[in-house]
Amino acid sequence: MALIVQKYGGTSVGTTERIKNVARRVAKWKAQGHDVVVVVSAMSGETNRLIALAKDIQDYPDPRELDVVVSTGEQVTIGLLAMALKEIGVPAKSYCGWQVKVVTDQAHTKARIQSIDEHVMCADLKEGRVVIVAGFQGVDEEGNITTLGRGGSDTSAVALAAALKADECQIYTDVDGVYTTDPRVVPEARRLKTVTFEEMIEMASLGSKVLQIRSVEFAGKYKVRLRVLSSFEEEGEGTLITFEEDESMEKAVVAGIAFDRNEARINVKGVPDKPGIAYQILGPIADANIEVDMIIQNVGENGTTDFSFTVPRGEFQRALSILREVQTHIGAAKIDADDKVAKISIVGVGMRSHCGIASTMFRTLAEEGINIQMISTSEIKVSVLVDEKYLELAVRVLHKVFGLDQPA
């Protein structure tokens, strides 16, 4: 008998029939003698619908009131799932985030969890009930409803698992695990039996959409055993996200390839090569709350240097406008940009103890005539920026050259 926290995303509860399927799956776990806590998202498309309603009223919705509106999506789902469980004879009780209670800071629409009161849930579990909690939401110290940001239900589930000291946190989604890369781009992609927290954090931050990065960070911090499973398949072990010291994990040097089309590159050319120039360029960008990713500053020549960096594609025009406003002040000769670029990353903890991984990546791309525009590295990843039209070709050839298409 174990305590299991299960999370079901929007597609898993997208219709009443799918909610009934979730209820039947939960009932099976309960019948095996496990205690079960279920975290659910709003039905697919519902959060977008609620945001659209708010924007019909206000172009820039008040953050506090927007949280009040969008949190209702999960409230509908928890009530329906509790009804579906009771209909098949399983005692269940639903709770909003503020009832549990999930205490957050006051950053509306992107709040962070500070504490969880597990006593109400523990009392229900002791009495044999399935506990159903609304994901994505909480309450601040002043009693205001807050939300955790898009994908926050994953974080809710991991946080509840940590508070309850659950044996496992299972994230049910529309895929059956974490793959070596996106199977829609590389049909030979394999599902990984295990992947380390470090690898999963890198993959999530680099473009893999399977798990929200904050949830993986939370799981790693509190040592929550995390598993990704499909809500549309009855059987399957999914992917276990575990720790590097787990001797049963796959020994691949490269665990997977992540990519992100949401990139744009900006070059600031001919700026004075002097202390503080990086701050003068990136300071205004940071003040506008625009996230900067890859950065390159060339070696100075004749008293000037070139400075390049990437921003999310959606922030591209705004970043360019800001730089053109300060171009004269920073002494830049020219600013050019490209929003048709993509980032490709190879990830693996095995890269720490193997040399030549980056050179293999660069050689493989060169052989295909793919030019590398920027490079970024860490202990367990190498990222490159390339022309977007070469993205899928690059991912396929790298997937093959690192043997990711071969059985583990």
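Computed from a predicted structure; not experimentally measured.

A short note on unusual backbone geometry
A negative phi holds for most residues other than glycine; trans holds for most peptide bonds. In this model, Val100 is joined to Lys101 through a cis peptide bond whose omega is 5°. Structurally, Lys101 can be placed in the loop between helix H5 (97–100) and strand E4 (102–104). In this model, Lys165 sits at a positive phi of 55°, which is unusual for a non-glycine residue. Tracing the backbone through its elements, the reader meets Lys165 in the loop between helix H7 (152–164) and strand E9 (168–173).

Points about the sheet that holds strand E14 (residues 295–297)
Judged by pairing direction, the sheet is antiparallel, and its six strands sit side by side in the order E14-E15-E13-E16-E18-E17 without closing on themselves. Of all the strands in the sheet, just E14 and strand E17 (374–378) have a single pairing partner and so form its edges. Direction aside, the axes of adjacent strands within the sheet are offset by 25° on average. Where E17 and strand E18 (residues 381–387) come together, five bridges link them in antiparallel fashion. Looking at E18, one finds that Ser378 is bridged to Lys381. Each of strand E13 (256–272), strand E15 (304–312) and strand E16 (334–347) touches helix H11 (residues 316–330); the most contacted strand, E13, lies at about 20° to it. On the sheet, helix H12 (residues 357–367) packs against E16, E17 and E18 and is oriented at approximately 15° with respect to E18.

A word on the pattern of salt bridges
Once their charged atoms are close, side chains differing in charge can pair, the charge on each being opposite to the other. Here the structure, examined in full by the defined rule, presents 23 salt bridges. For Glu168, the salt bridge is made with Arg227, and the minimal N-O distance between the two is 3.0 Å. A residue pair is termed long-range when its members are at least 10 positions apart, and Glu168 in strand E9 and Arg227 in strand E11 (residues 226–230) qualify at 59 residues. There is no split in this pair, since Glu168 and Arg227 are both buried. For Glu379, the salt bridge goes to Arg352, with nearest N and O atoms at 3.3 Å. Linking Glu379 in the loop between E17 and E18 with Arg352 in the loop between E16 and H12, this pair joins segments that are 27 residues apart in sequence. Judged by its relative accessible area of 34%, Arg352 falls in the partly exposed class. Among the charged side chains, a salt-bridge network with shared partners connects Asp124, Glu127 and Arg129.

Comments concerning the packing of H12 against helix H13 (residues 391–401)
In helix packing, the relevant descriptors are the interaxial angle and the interaxial distance, both defined with respect to the helix axes. Relative orientation of the contacting elements H12 and H13 amounts to 130°, with a least axis distance of 10 Å. Here H12 lies oblique to H13, going by the angle between them. Handedness of the H12/H13 crossing: right-handed. Of H13, the residues touching H12 (which contributes Thr360, Met361, Arg363, Thr364 and Leu365) are Ala394, Val397, Leu398 and Val401. Partitioned by chemical class, the residues of the contact of H12 with H13 number six nonpolar, two polar and one charged.

Structural notes on the UniProt feature "domain: ACT" (unreviewed entry) in the protein chain
According to UniProt, the positions carrying the feature "domain: ACT" (unreviewed entry) are residues 266–340 and 346–408. In this annotation, residues 266–340 is assigned 35% helix and 35% strand; the end-to-end C-alpha distance for the span is 11 Å.

Basis of the calculations
- Residues numbered from 1 in each chain as written.
- Predicted model: local features only at pLDDT ≥ 70, side-chain atom pairs only at ≥ 80, totals over all residues.
- Heavy atoms only, no water.
- Helix = DSSP H or I, 4+ residues; strand = E, 2+ residues; numbered from the N terminus.
- Pairing = 2+ DSSP bridges.
- Axes fitted to C-alpha atoms, helices over the stretch in contact; angles between N-to-C directions.
- Contact = heavy atoms within 4.5 Å.
- Salt bridge = Lys/Arg side-chain N within 4 Å of Asp/Glu carboxyl O.
- Buried < 20%, exposed > 50% of the residue type's maximum accessible area, 1.4 Å probe, protein only.
- Parallel < 35°, antiparallel > 145°, perpendicular 65-115°, else oblique.
- Left-handed = near helix turned anticlockwise from the far one by under 90°.
- Nonpolar A, V, L, I, M, F, W, Y, C, P; charged D, E, K, R; others polar.
- UniProt positions renumbered as here; feature names shortened; annotations may be inferred.

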